[in-house]
Amino acid sequence: MQVHARVFWLPKTGNTAEEYEDAFYPNRDGDYGGTQLRFAVADGASEGMLSGQWAQILVRAYCRAINTSQMPDLLARALPSWRDWKQHYLDLRERQGRPVMWFEEPGLEKGAFSTLLGLTLRDGDDPGWNATALGDSCMFQVRAGALVTAMPIDDAEAFGSRPFLIASNPARNNGLLERVHYATGDWQPGDRFYLMTDALAHWFVRECEAGATPWTAILAAEDPDAFDAWTATLKREHQIRNDDITLLCLEVAEDVP
Amino acid sequence: MAYQAEISRSNPSCFLFLIDQSASMADPFGTGDAKKKKADGVADAINRLLQNLVIKCAKAEGVRDYYHVGVIGYGKDVGPAFSGPLAGKTLVPISEVAEMPARIEERTKKVDDGAGGLVDQTVKFPVWFDPVANGGTPMSQALMRATSVIRGWLTDHPDCFPPIIINISDGEATDGSPSALADALKKLSSSDGGVLVFNLHLSSTDASPIQFPAHEEGLADKHAKLLYAMSSPLPDYMRTIAAQEGFNVDEGARGFVFNADIVSVIQFLDIGTRPSNLR
């Protein structure tokens, strides 16, 4: 199985690239081959502290896990990574003479929050796909010009600004496992999968509900500059809200070598 | 639709606090701790409001200037009431508020120990204001000053999320009825809607605390009714968040609180994704 991947990302208008708090994996365009290919996007919550780093840890935990997409297994990988990274960060602040300020302490205690949307494409003895999602980052599967799958949200009304997210502080994850969405399906050569964070996903679902084919506009964005210009227009027309935007476009190759 | 403007560093909004520093604030507050004066309640409320607003705007790399903040005291005098390095300033970016409290105290609070019990934890408590109780209650003058400050802000920020004014008082104005002046203040607007005026009423009256009522029935006295009448209804988006946070907010609920916590108003502000498991 071979998959061509394209990645588009940009920070919220007015923010710098360093302030971008979404995450995605793999982190570059290219052709990926193998019997199990894993992809993920995540959206760190703006009200959390260090949420961008937590989102990075989650997408890596998903994509580096082997033969499991179960949330407890993913958390078992991600939480120790977070603890190590946070300790390193706090040590660095101390060494740099920038101790934690009083206004950072409550946020650091509460921890970071992020969505996670992971997709695994499988070939060989057990072909198909499976996805794991928590929060409002979404996956859409398009085959022969028609939407086949929308998950975990397929209703534009269901997007809000108060999703239940994955917390880096385990004490805040009560009820998380019951909220995880798992889905499975099949794929065919030529299928396209779109993984995206909520600003674009909300627009995508709304367009589908109106009978449109939003992937046509996505396909027209051939490079990052075109993508930036297109999303700037959507923002100006208030079709999408100003937020970090991440889009991972995957196309299953027609010709299997 | 009103109250939809994005609050950002390039399009910040404004908070203006009006704090009653009159002699009547030396009277006892509510029915609880008899030693606590209304002036202590005011200082506690304004310090906690500022602390929570700063924390709301804090990221790991610093405090983002989503808001500019001012405090006008009214009692013996009417004017800017920041103490310490911010003394004399009318409106300052929230990052300066964060960096320049008069002092930082340490207090203890009870926190969950993760095993079903509670333990004491030391937390830093920044202080910008100490209790003051001196002179009359020139609330009308304070509202006139607020109108002047907000008019200037709106000239410079015509498309901002509408400024929020929070008045903390016992409601016993000594320079005439403030109602018409509060109405004039609420008539100011940005392109996103009218200025919001909220009131925290700290009273010596022995009556139950009330948060965000939608009608004046049950309010203890004429002072409470006056401040309730001066208060703006919560915009729909704030009411939605308040309901999600577990507050009982009927349609028409106003930004009025009687002898209770008003700091929750900070949680009703929308500056981005707030996870439902972050309380």
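Throughout what follows, the structure given in this document is the object of discussion. (Residues numbered from 1 in each chain as written. Chains lettered and ligands numbered in written order. Predicted model: local features only at pLDDT ≥ 70, side-chain atom pairs only at ≥ 80, totals over all residues.)

Thoughts on the overall build of chain B
(1) Moving on: When its secondary structure is counted, chain B shows 7 helices and 14 strands.
(2) Moving on: If one aligns the C-alpha atoms of chain B with their principal axes, the spans along those axes are about 55 × 45 × 40 Å.
(3) Moving on: The burial tally for chain B puts 46% of its 279 residues in the buried class. (Helix = DSSP H or I, 4+ residues; strand = E, 2+ residues; numbered from the N terminus. Buried ≥ 20, exposed ≤ 12 C-beta atoms within 10 Å, placed from the backbone.)

Regarding the overall build of chain A
(1) Moving on: In terms of regular secondary structure, chain A is built from 7 helices and 13 strands.
(2) Moving on: Relative to the compact-globule value of 18 Å for 257 residues, chain A shows a C-alpha radius of gyration of 18 Å, a close match.
(3) Moving on: Once the C-alpha set of chain A is aligned to its principal axes, its extents read approximately 55 × 45 × 30 Å.
(4) Moving on: Expressed as a percentage of the 257 residues in chain A, the buried residues total 42%.
(5) Moving on: Look at the contacts in chain A between residues 6 or more apart in sequence, and 70% of them connect residues 24 or more apart. (Rg over C-alpha atoms; globule rule 2.2 N^0.38 Å. Contact = placed C-beta atoms within 7 Å.)

Quick look at the sheet that holds strand β6 (residues 116–122) of chain A
All names here are of chain A.
(1) Moving on: Strand order in this open sheet of 5 strands is β2-β4-β6-β7-β11, and the pairing throughout is antiparallel. Each edge of the sheet is formed by a strand with only one pairing partner; in this case those strands are β2 (22–25) and β11 (181–185). Within the sheet, the average angular offset between the axes of one strand and its neighbour, ignoring direction, is 10°.
(2) Moving on: Bridge analysis of strand β4 (residues 36–43) against β6 gives 6 bridges, and the strand direction is antiparallel. Paired with F39 across the bridge in β6 is L119. (Pairing = 2+ DSSP bridges. Axes fitted to C-alpha atoms, helices over the stretch in contact; angles between N-to-C directions.)

Re the interface of chain B and chain A
(1) Moving on: Contacts between the two partners involve 23 residues from chain B and, on the opposite side, 24 residues from chain A.
(2) Moving on: Elements supplying a minimum of two residues to the side of chain B that touches chain A: α1 (38–56) and β8 (118–127) of chain B.
(3) Moving on: Across the side of chain B that touches chain A, the residue classes break down as 10 nonpolar, 8 polar and 5 charged. (Nonpolar A, V, L, I, M, F, W, Y, C, P; charged D, E, K, R; others polar.)

Points about the pairing of strand β9 (residues 164–169) of chain B
Residues and elements named next belong to chain B.
(1) Moving on: Among the 6 residues that make up β9, 6 are buried, leaving the element largely enclosed by the rest of the structure.
(2) Moving on: Because side chains alternate across β9, one face comprises the buried residues I164, I166 and I168, and the other comprises I165, N167 and S169, equally buried.
(3) Moving on: Note that strand β1 (residues 13–20) and β9 share 5 bridges and pair parallel. When the bridges of β9 are listed, L16 appears paired with I165.
(4) Moving on: Pairing analysis gives 6 bridges linking β9 to strand β12 (residues 196–201), with the strands arranged parallel. The residue bridging I165 from the neighbouring strand is V197, located in β12.

Description of the sheet that holds strand β3 (residues 30–33) of chain A
Residue and element names in this part refer to chain A.
(1) Moving on: Strand order across the open sheet formed by 6 strands is β3-β1-β13-β12-β8-β9, with antiparallel pairing between neighbours. In this open sheet, the two edge strands, each paired with only one partner strand, are β3 and β9 (146–151). The average undirected angle you get between the axes of adjacent strands in this sheet is 20°.
(2) Moving on: Alignment of strand β8 (residues 138–143) against strand β12 (residues 192–196), held across 5 bridges, turns out to be antiparallel. Counterpart to V142 in the pairing with β12 is R192.

What about the packing of helix α1 (residues 51–64) of chain A against helix α2 (residues 71–95) of chain A?
Residue and element names in this part refer to chain A.
(1) Moving on: Contact geometry of α1 with α2 gives a least axis separation of 9 Å together with a crossing angle of 140°. Our classification of the angle between α1 and α2 gives oblique. Regarding α1 and α2, the two cross each other, and that crossing is right-handed. Along the contact surface, α1 presents Q53, W54, I57, L58, A61 and Y62, while α2 presents L74, R77, A78, S81, W82 and W85.
(2) Moving on: Partitioned by chemical class, the residues of the contact of α1 with α2 number 9 nonpolar, 2 polar and 1 charged. (Parallel < 35°, antiparallel > 145°, perpendicular 65-115°, else oblique. Left-handed = near helix turned anticlockwise from the far one by under 90°.)

With respect to the packing of helix α3 (residues 139–156) of chain B against helix α4 (residues 179–187) of chain B
Residue and element names in this part refer to chain B.
(1) Moving on: As a packed pair, α3 and α4 sit with axes 9 Å apart at the nearest point and diverge in direction by 10°. It follows from the interaxial angle that α3 and α4 lie roughly parallel. Taken as a pair, α3 and α4 cross one another with a handedness that is left-handed. Residues S140, L143, M144, A146, T147 and I150 of α3 form the contact with α4, whose participating residues are L181, A182, A184 and L185.

Here we look at α2(A)
All names here are of chain A.
(1) Moving on: With 25 residues, α2 extends 35 Å from end C-alpha to end C-alpha; this agrees with the ideal 36 Å at 1.5 Å per step.
(2) Moving on: Considered for burial, the residues of α2 that qualify are M71, L74, L75, A78 and W82.
(3) Moving on: Lining the buried residues of α2 we find α1, β7 (128–134) and α4 (176–179).
(4) Moving on: One or two steps after α2, the chain reaches G97, where phi turns positive at roughly 70°. (Expected span 1.5 Å × (residues − 1).)

Quick notes on the nonpolar core
(1) Moving on: If you look at the biggest cluster of nonpolar residues, it comprises 80 residues, and the most contacted ones within it are B:F17, B:L18, B:I46, B:V54, B:I94, B:I165 and B:I168.
(2) Moving on: Of all the elements, α1(B) adds the most residues to this core, at 9 residues.
(3) Moving on: Once residues within four sequence positions are removed from consideration, B:V54 is found in contact with A:F103, B:V63, B:I94, B:V97 and B:A98.
(4) Moving on: Grouped together as the second largest cluster of nonpolar side chains are 64 residues, A:A42, A:L121, A:L165 and A:L250 included. (Core = buried A, V, L, I, M, F, W, Y, C linked by C-beta atoms within 7 Å.)

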